[in-house]
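Residue-level structure breakdown
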Amino acid sequence: MHIAEGFLPPAHAIAWGVASAPFVVHGVRSLTREVREHPESTLLLGASGAFTFVLSALKLPSVTGSCSHPTGTGLGAVLFRPPVMAVLGTITLLFQALLLAHGGLTTLGANVFSMAVVGPWAGYAVYRLLRRSGAPLMVAVFSGAFAADLSTYCVTSVQLALAFPDPSSGFLGALGKFGSIFAVTQIPLAVSEGLLTVVVMRLLVQSSKGELTRLGVLPAGSGGTRSGRSTSDEPGAVAR
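These notes cover the structure that comes with them. Predicted, not measured: the structure shown is a model, and the values here were computed from it.

Brief notes about the packing of aromatic side chains
Counting across every chain of the model gives 5 aromatic pairs. Pairing Y124 with Y127 gives two aromatic rings, centres 6.2 Å apart and planes at 35°, and the pair type is tilted. Of this pair, Y124 and Y127 both sit in helix α5 (residues 108-132), separated by 3 residues, roughly a single helical turn. The same class applies to Y124 as to Y127, namely buried. On the numbers, 6.3 Å between centres and 25° between planes, the contact of F142 with F146 is stacked. On the criterion of helical spacing, the pair formed by F142 and F146 is a turn pair, its members being 4 residues apart in helix α6 (residues 137-163). Judged by its relative accessible area of 25%, F142 falls in the partly exposed class.

Concerning the packing of helix α2 (residues 42-57) against helix α4 (residues 82-99)
For the pair α2 and α4, the least separation of the axes is 10 Å and the interaxial angle reads 45°. With respect to α4, the axis of α2 lies oblique. For α2 against α4, the interelement crossing comes out right-handed. Contact residues: L45, S48, G49, T52, F53, S56 and A57 in α2; V84, M85, L88, T92, F95 and Q96 in α4. Residues belonging to the contact of α2 with α4 are distributed by class as follows: 7 nonpolar, 6 polar and no charged.

Overview of the nonpolar core
L79, Y127, L137, M201, L212 and V217 are the most contacted members of the largest nonpolar core, which has 29 residues in total. Of all the secondary structure elements, the ones that give two or more residues to this core are α2, α3 (73-80), α4, α5, α6, α7 (170-207) and α8 (209-215). Setting aside its immediate chain neighbours within four residues, L212 contacts L44, L79, M201, L204, V205, V217 and L218. Core analysis: the second largest hydrophobic core is formed by 18 residues, W16, L108, F113 and A163 among them.

Notes on unusual backbone geometry
Within the chain, R81 stands out as a residue other than glycine whose phi angle is a positive 80°. Turning to its location among the elements, R81 is positioned in the loop between α3 and α4. Positioned with a positive phi, A101 is a non-glycine residue whose angle comes to about 55°. The topology assignment puts A101 in the loop between α4 and α5.

Observations concerning the pattern of salt bridges
Counted according to the given criterion, the structure contains 4 salt bridges. A salt bridge links D166 to K177; the nearest nitrogen and oxygen atoms lie 2.4 Å apart. Highlighted residues: D166 in the loop between α6 and α7 and K177 in helix α7, separated in sequence by 11 residues. A relative accessible area of 47% means that K177 is categorised as partly exposed.

Topic: the side chain of Q186
If you trace the backbone, Q186 turns up in helix α7. Among residues more than four places away in sequence, those in contact with Q186 are S68, H69, D149, L150 and Y153.

A few points about helix α1 (residues 10-37)
The terminal C-alpha atoms of α1 lie 40 Å apart, and with 28 residues this matches the ideal 40 Å at 1.5 Å per residue to within 8%. Of all the bends in α1, the greatest reaches close to 30° and is centred on A21; the proline P22 follows between one and four positions later. For α1, the set of buried residues is A13, W16, S20, V24, G27, S30, L31 and E34. Where the residues of α1 are buried, they touch α2, α3, α4, α5, α6 and α8.

A short note on a nonpolar patch on the surface
A contiguous nonpolar patch, built from I91, L94, F95, L98, L99, L100 and L105 and spanning about 660 Å² of accessible area, is present on the exposed surface. Within the secondary structure, L94 is located in helix α4.

A short note on the environment of V28
Structurally, V28 can be placed in helix α1. Residues V28 and L88, spaced 60 residues apart in sequence, show a C-alpha to C-alpha distance of 9.3 Å.

Reading the values: rules and limits
Residues numbered from 1 in each chain as written. Predicted model: local features only at pLDDT ≥ 70, side-chain atom pairs only at ≥ 80, totals over all residues. Heavy atoms only, no water. Phe/Tyr/Trp six-rings, centres within 6.5 Å; stacked < 30°, edge-to-face > 60°. Helix = DSSP H or I, 4+ residues; strand = E, 2+ residues; numbered from the N terminus. Buried < 20%, exposed > 50% of the residue type's maximum accessible area, 1.4 Å probe, protein only. Axes fitted to C-alpha atoms, helices over the stretch in contact; angles between N-to-C directions. Parallel < 35°, antiparallel > 145°, perpendicular 65-115°, else oblique. Left-handed = near helix turned anticlockwise from the far one by under 90°. Contact = heavy atoms within 4.5 Å. Nonpolar A, V, L, I, M, F, W, Y, C, P; charged D, E, K, R; others polar. Core = buried A, V, L, I, M, F, W, Y, C linked by side-chain atoms within 4.5 Å. Salt bridge = Lys/Arg side-chain N within 4 Å of Asp/Glu carboxyl O. Expected span 1.5 Å × (residues − 1). Bend = angle between axes of the 7 residues up to and from the residue. Patch = residues over 30% accessible without salt bridge, like charges linked within 9 Å, V, L, I, M, F, W, Y side chains within 5 Å. Areas by Shrake-Rupley, 256 points an atom, 1.4 Å probe, with all protein chains shown as cover.

Structure representation (structure tokens):
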């Protein structure tokens, strides 16, 4: 990750683009509604996008000879839900492909699907599951960011294995090879991203408690740690 320009066979590149498109379209609608109904959230949206752009632009050499990097999508998924992150992630990947030669236009659909679709949904699912089970906010935030990062590379491994199956062992053999290459460096990177996301969330709790309450990250009427986006508990909140 990111899959380089021209690396995937054309049929695979088109298929992943088609698979990603509905999520991005849905995300555009969600983002438009959020900005229209809550224009005060624009600054936090921009910060979430910048966090994703900066972290995912870092290229860290791997001992296996490949490169790895954080994704930064977990924070935005927790704050604004995965549909919005599908848009912010797509914008990030598009600018990186055009300006940094990081990824590519022909592989944009595949990269969007792994980093901007599956990553945020996996991270948000873990976050919500832990919050519903009573886990502290920061534990859930760390776990969500960790899951968003690692799941991105798991999906990338699947994408590459589908495109380049092993001549003798087929898809499963290729999946084992690609997965082992990424896993060596990505687990500690996912841990690091989780810790950094917790630091950022702590700062937001101190500086933007009102906005986090509206978004459901913090409960209404306290500085607590329970999650939930109940419209009955949050006056003016919009069910999304």
